[in-house]
Amino acid sequence: MSNNPQWKSFQPPLIMNSDSLLEYKSMASPLSINDRNSGPMMNGPSYNSNSVNHFQQQPYHSFILDKNGSNNDFSSSTSNFSASNYNSSFNQSSNLMARKKRPPMSMDIFNGDSVSLSSNTSNSGYNNVNQVTRETGIIEKLLHSYGFIQCCERQARLFFHFSQFTGNTDHLKIGDPVEFEMTYDRRTGKPIASSVTKIAPEVVLSEERVTGCVTTELRTEGSGGDTQGRISYENRGECFFLPYNKDDVEGNVTLRCGDKVSFQIATNARGNLGASHVRLENPAQPVNYKGVICSIKETYGYIERADVVKEIFFHVPEEESSTKFQLGDDVEFNIQTRQGKEVAVNMRILPPGSVVFEDVCDDIMKGQVLKTLEDSAKSQPQASDPLPGRIRYRAADHSEEEIPFGDKDQIRNYTLKHGDWVQFRIATDRRDQLKRATQISLMSDSFEVSGEKREQGVIAVLNDKTSTGFIDCVEREAVKFQYSEVIDTDRDISVGDEVEFTVKQESFMSNEKQAIRVKHMERGSVQFEVILESNVTGTVVQPCDSVRSSPSKSKSSNGLESDSNESFGWICYQSNGVKKPLIKYYAKNCDSYKLPHANDQVTFNVSQVKRTKDLLATNVSLVNKNINPTTNSNHNHTNNTKNSNSNIHQGYIAAIKESFGFIETITHDREVFFHYSNLHGDPSQLELGLEVEYTVAYKNSANGTCKSAENVRILPKGTIKPDATVEDETVYDGVVVRSMRSVNPDQPEYSGLIRSNSADDAEAKEYEFNITSLVNKRELLQANDPVQFQVDSKGRAANLVAVRIKRRTTVDSVKGTIGFLSYEVEEGKKLFFRTTEVNDGVPLQPGDQVEFFLVTNQRSGRSSACNITKVKDGPVEARPERLISRLRTVSIDDGGPKLTVIRQPRGADNNAKGFSADARRPRAPGVILE
C-alpha cells in the first residue's frame, strides 16, 4: 500500500466489528440474497482496516461460533438479519461511501450462512454479477501522456492513458484520488484502468474571474508558518482576503507581494472560500524570462520559453529593424497580458548558449527497441505523441526501464526495427523533467541477432538535390536509397563506396525495392563475379570501343549506366585443349591505356557474374600486339575510333559534373570533354581552375567527329605559364553581357563578355573573360551581374570579382555535401547550398553564423548561396528539434475575445472643428454606413 497521506481520507467509517456479527444471530426475520443485494451495501458499504484484516485472517468457518465458542447448527438455527436494523447501522456513511461501489453481497456469503432463494433473487444475482465494478485509487505517477494508479482496495498498480480520463489532465496531480473501472488491454491482455474520474470535495467555481492583489506570498515547506498565500480583492466597497495554494497558480510562475492577479472564487463542500486558477496579470516588479526565438516573420514571431513547455507571441515594433532578432537567438523578456493572452515585451538578446532546455547525461546506455516510429504511426495514425518510440534498457539499479524517443533523436534517420540493439544518451527536459533517449545509434550486434538478409553492392549514382542515390547490387538490379539510410556518421558517401544493406519494398502499392540500413564496408569486400579460372590466354576476336572516350553515356531510368548500352568485345580461348565459346569482356575490365585491338593476344580470368550467372572475362591484360593479322579476318571489326593524337595538351578545369567535366584549352577559346574514367586520380579532388595535361582522341559518330580528352593528369599549380600579365593596376567597374558557355551551354561562344561602365556608351569597351580570369573559380557570373576587374596585356579581363550584397544568417541543417540556411527566399523554403561553396573547406554545423552571397540561376530560377564564410560557431546547446514537432501539436488558446477591423475609423472634418453631425447618425447594429 502507498504511504501517501491521502490514504487516510479513504479509510471507511467503523460500522461493525466481529462481535456485532455474532449478535445478529438472535434477530428474527431472515434476510434473503435478494434483500441483501437491495440493502445499503449496494450503495457502497466498506469495512475499516481492522475489520478487513480480521476477515482476511479468520477462516470462513470461524463465523459460525458464538461468543462462548460453541458450535451452532445453522441448518436449524439460521442467522437472521433485519433490513431496518441493517439500514440503521449504516447511517454513519459519508458521501464518499455513496460514490464507492462494492461488488454484490453474494460475494460476501460465508460458509455456514443460511439464506432463502427465490426466482427473483436468482435473476437479480446474475444481473449484479454482470455489472461493472468501480474502484478507487490514488494517482501514483504521471508522465506526458499516461500514468499509474495505486488501487485502494487491493495490492495492484494499474496503467491508464490520458484519453481514459474524464476532465482536463492539466488539473491532474500526483496524489489525487480517482475512481475507475478495471479492464484489460486488448493487445497485451494486461489489466488497465479505464473511465477514470477524479474524486474531490465538491468545489463550486465562480463563473467570472475576479481581479485582486497578492498580499502574502507562499512559503516553502520547512520555512515555518503557514504555507498558504493570501489575495485581497474588493467587492461593493469591502475588502476580502482569500487563501491560495501552489496548485492554484497557473503556469510556472512565482507570485510576489503587490502582483496583480485574476482568479476564480472556489467554494468547497464545507463552505470555505479560496482563490483558484490564479493567473498573473501584471507583476509589481518585472519578472525576467528566457527563451529562444523559434519563429519570426516581418513584424511578429514566437519564443520557445525556457520555464514551461510553451511558446509565447512577441511583436516587432515598426521603428526597430526586423534584422535585430534572428531565428535561434537566445533572448530575455518580460510578460504582459493583453486581451487575456500573454505577450513577450522588452526583449533583449542574450549571448549564444545562455538558454539551455535540457541536460544530456554523459553516460552511454545500451538498450533494445520495443516500438519504432513506424509501428506507432501504424497503430495510432491520428496520435499526436511527439515521442512515440520506446526503448527498453537496464538502469543503474539493474531494473528494466522504458524510455521514449522521437523522430529527431537518432543521429541519422535510418530505419530502426523492433528488437534492434542501440546505444543512446538520456536527455532530461528542465521544464517538465521529461526524460527521453537521444543521440541514438544502431549497434553492429543488431545484424548478428536479427537474422535479416544483408546484401552487398557499390554506390553507383548520387543525387544531392534529392538526397537519393542508387546502389549497383551484386545479386539483383540496382536499388534506390536515401542519404538518411546511411548508418556511418563519421564518413561521407561517394560514388564507388562498397556497402551492405537490407532490401525492403517501398509500399504495398509499388513493387519497387529500396535499400535501408546502409553500412560501409572495407574496399575490396564486394565481389560481383566469382573467378572460375585464372590466367587464361586468348585472342581478341572483336574489340570493344572504349566507353571512356564517349562524350555522352546512355543511362537507364534510374540514372545507372546500362550494360546493354556499354560497348563490349569478344575473346576466343581454349581450356585444357578444348575450344570454348566466345567470352564477353568490357572496356572497364581492361587497362585503360592498353586497350586490346583485333587479333591481339591477351590473358584474363574467367569469371561468373553472380547476378546473371553469365561468364565474363575480367582483368584483361595485353600480351602481344596483333600476333596474326590474317587469322580470323572474317571477325575483323571496323574500329570507329581514329588513332589518338599522341601530342600532350594542357589546359584548365572549366566545369565539373557528376561523372564528367570540361577542360578549357590553353588558348582560352574552347573546351574539351573528358570522362572521370580517363582521369588519373580521384575525381573528388577536382577543382575549378586546376591545371591539367591530356591527350585528344577523335571518334566518328552520326553527328560527325567528336573530340574528347584522355589520359587526364593533374599538374602542380604554376606549371602552365600565363600568356598575359596585368600591367595596369586600374580597377574597372562593369557588367556581364554574356556568361561563359559552362554557365549557359546553349550559346555558341565559349568565352564570357564584360562591358565597362562609362557615362558615354560610345566609350564603353568590351572585354572577354574565361575561367582563369575569375578570382573565385566557383563564381557563377550571369548576364547583368555587376563586376570589378582589371585588364591584362592581351586585352582580356583579369582578377574578375562579382559585386554582390553580403548577407548574414545561420545554418539550418547539413546533410553530407549539401545543406540549408535559415534564410527564406520563398515563404517556407530554406536557402540551399553546397559544402563546396564554403571558403577554406570549413565544416559547418547547425546554428553556425555565416555570411554568403545570394545567387539565382536565370535558367532554372532556383536560388542558392555561394561564397559562404563562417563567422562564428553556433550555440553550445541548440534548441531541441523534437520540441518543434511537439509544440506544433499544442493548440494555441483562442478562447479570448478577438477584434477584427472591418473599416478604418474616419477622422474629423478638415474644414470644421470636431466631427460633423452625420458622423453621429444612428445605425442598426452590424450595419456599416458608407
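Residues numbered from 1 in each chain as written. Predicted model: local features only at pLDDT ≥ 70, side-chain atom pairs only at ≥ 80, totals over all residues. Heavy atoms only, no water.

Undergrad: Tell me about the overall build of the chain, residues and numbers included.
TA: The helix and strand tally for the chain stands at nine helices and 49 strands. Roughly 53600 Å² of accessible area belongs to the chain as shown, and the carbon and sulfur atoms make up 47% of that amount. (Helix = DSSP H or I, 4+ residues; strand = E, 2+ residues; numbered from the N terminus. Areas by Shrake-Rupley, 256 points an atom, 1.4 Å probe, with all protein chains shown as cover.)

Undergrad: How would you explain the sheet that holds strand β13 (residues 300-305) if you had to name every residue and give the values?
TA: Strand pairing in a sheet is mediated by backbone hydrogen bonds. Such pairs are either parallel or antiparallel. Spatially, five strands are ordered β12-β13-β14-β16-β15 in a closed barrel, and the strand pairing comes out mixed. Going from strand to strand, the sheet's axes swing by 55° on average, the running direction of each strand aside. Looking at chain direction, strand β14 (residues 311-315) and strand β16 (residues 341-349) are connected through two bridges and run parallel. Opposite Phe314, over in β16, you have Ala344 as the bridge partner. (Pairing = 2+ DSSP bridges. Axes fitted to C-alpha atoms, helices over the stretch in contact; angles between N-to-C directions.)

Undergrad: Can you lay out the side chain of Arg431 for me, pointing to particular residues and giving the numbers?
TA: Within the secondary structure, Arg431 sits in the loop between β21 (421-429) and β22 (435-442). Note on Arg431: relative accessible area 11%, which makes it buried. Only 2.5 Å separates the side chain of Arg431 from the side chain of Glu304, close enough to count as a polar contact. (Buried < 20%, exposed > 50% of the residue type's maximum accessible area, 1.4 Å probe, protein only. Polar contact = N/O pair within 3.5 Å; in protein donor to acceptor, adjacent residues only side chain to side chain.)

Undergrad: Break down the pairing of strand β33 (residues 615-624) for me, citing the residues and quoting the values.
TA: For a regular strand, side-chain orientation follows a simple rule: the groups alternate between the two sheet faces. With seven bridges joining them, strand β32 (residues 601-609) and β33 adopt antiparallel strand pairing. Looking at β33, one finds that Asn605 is bridged to Thr618. Between the antiparallel neighbours β32 and β33 lie five residues, among them Lys613 with a positive phi of about 65°.

Undergrad: Which residues make up the pattern of salt bridges, and what values go with them?
TA: For side chains bearing opposite charge, pairing can occur when the charged atoms are close. Counted according to the given criterion, the structure contains 38 salt bridges. Taking the shortest distance from any N to any O, the salt bridge between Glu779 and Arg804 comes out at 2.3 Å. Here Glu779 is found in the loop between β42 (766-769) and β43 (786-791), whereas its partner Arg804 is found in the loop between β44 (797-802) and β45 (806-815), with 25 residues between them in sequence. Judged by relative accessible area, which is 13%, Glu779 ranks as buried. Linked by salt bridges that have partners in common, Arg305, Asp307, Lys310 and Glu342 make up one network. (Salt bridge = Lys/Arg side-chain N within 4 Å of Asp/Glu carboxyl O.)

Undergrad: An account of the state of the cysteines is requested, with residue identities and associated values reported.
TA: This model, assessed by the stated rule, comprises zero disulfides. With no disulfide partner, Cys152 has as its closest neighbouring cysteine sulfur the one in Cys151, 7.6 Å distant. (Disulfide = S-S within 2.5 Å.)

Undergrad: Break down the packing of aromatic side chains for me, citing the residues and quoting the values.
TA: Applying the stated criterion to the full structure yields 23 aromatic pairs. Ring geometry for Phe660 versus Phe662: centroids 6.1 Å apart, planes at 85°, classification edge-to-face. Members of the aromatic cluster, connected to one another through ring pairs, are Tyr146, Phe148 and Phe159. In this structure, Lys366 is placed above the aromatic ring of Trp421, and the distance from its NZ or CZ to the ring centre is 5.2 Å. Positioned above the aromatic ring of Phe447, the side-chain terminus of Arg454 is 4.0 Å from the ring centre. (Phe/Tyr/Trp six-rings, centres within 6.5 Å; stacked < 30°, edge-to-face > 60°. Lys NZ or Arg CZ within 6 Å of the ring centre and 35° of its normal.)

Undergrad: Before we move on, could you go through the nonpolar core and cite the residues and values that matter?
TA: Nonpolar side chains in soluble globular proteins tend to end up buried together. Membership of the largest hydrophobic core comes to 26 residues, with the highest contact counts inside it found for Phe263, Ile303 and Phe333. In contact with Ile303, other than residues within four places in its own chain, are Gly291, Val292, Ile293, Cys294, Lys310, Glu311, Ile312, Phe314, Val331, Phe333, Ala344 and Met347. Counting 19 residues, the second largest nonpolar core, distinct from the first, contains Ile720, Tyr750, Leu781 and Phe789. (Core = buried A, V, L, I, M, F, W, Y, C linked by side-chain atoms within 4.5 Å. Contact = heavy atoms within 4.5 Å.)

Undergrad: Lay out the pairing of β42 with the relevant residues and their values.
TA: Across the two faces of β42 the burial differs, with Tyr767 and Phe769 buried and Glu766 and Glu768 not buried at all. With four bridges joining them, strand β41 (residues 752-756) and β42 adopt antiparallel strand pairing. The residue bridging Ile754 from the neighbouring strand is Tyr767, located in β42.

Undergrad: Before we move on, could you go through the side chain of Asp307 and cite the residues and values that matter?
TA: Among the secondary structure elements, Asp307 is positioned in the loop between β13 and β14. Given a relative accessible area of 15%, Asp307 falls into the buried group. At 2.7 Å, the side chain of Asp307 and the side chain of Arg305 are in polar contact. In contact with Asp307, other than residues within four places in its own chain, are Asn252, Tyr289 and Arg431.

Undergrad: So what's going on with the environment of Arg670? Residues and values would help.
TA: Along the chain, Arg670 falls in the loop between β35 (660-665) and β36 (671-675). C-alpha separation for the pair Arg670 and Ser751, spaced 81 residues apart in sequence, amounts to 7.8 Å. Within the local environment of Arg670, its side chain forms a polar contact with the side chain of Asp669, the two groups lying 3.4 Å apart.

Undergrad: Which residues make up the environment of Tyr184, and what are the values?
TA: Mapped onto the fold, Tyr184 is located in strand β4 (residues 177-184). In the structure, Tyr184 is positioned 10 residues away from Ser194 in sequence and 9.1 Å away in space, judged by C-alpha atoms.

Undergrad: Please provide a residue-by-residue account of unusual backbone geometry, values included.
TA: The backbone of Ser195 sits at a positive phi, close to 50°, despite the residue not being glycine. Along the polypeptide, Ser195 turns up in strand β5 (residues 191-198). Non-glycine residue Ser467 carries a positive phi angle of around 55°. Mapped onto the elements of the fold, Ser467 is located in the loop between β23 (455-463) and β24 (468-473).

Undergrad: Kindly report on the sheet that holds β24, identifying the contributing residues and their values.
TA: The five strands lie next to each other as β23-β24-β25-β27-β26, forming a closed barrel whose pairing is mixed. Ignoring strand direction, the axes of neighbouring strands in this sheet form an average angle of 50°. Two elements, β23 and β24, share six bridges in a ladder whose sense is antiparallel. By the bridge assignment for β24, Val458 is matched with Asp472.

Undergrad: Please provide a residue-by-residue account of the confidence of the model for the chain, values included.
TA: Residues of the chain with pLDDT of at least 70 account for 70%, and the chain-wide mean is 75. Throughout residues 627-645 the model reports pLDDT below 50, and contacts reaching past four residues in sequence, or to other chains, amount to 29 contacts. (pLDDT = per-residue confidence, 0-100.)

Undergrad: Can you break down the environment of Tyr302 residue by residue, with the values?
TA: Inspection of the secondary structure assignment puts Tyr302 in strand β13. A relative accessible area of 26% means that Tyr302 is categorised as partly exposed. Taking C-alpha positions, Tyr302 is 8.7 Å from His315, a pair spaced 13 residues apart along the chain.

Undergrad: Mind laying out a nonpolar patch on the surface, listing which residues take part and the relevant values?
TA: Nonpolar side chains collect at one region of the surface, where Val530, Leu532 and Leu615 lie side by side and expose about 250 Å² of accessible area between them. Along the polypeptide, Leu615 turns up in strand β33. (Patch = residues over 30% accessible without salt bridge, like charges linked within 9 Å, V, L, I, M, F, W, Y side chains within 5 Å.)

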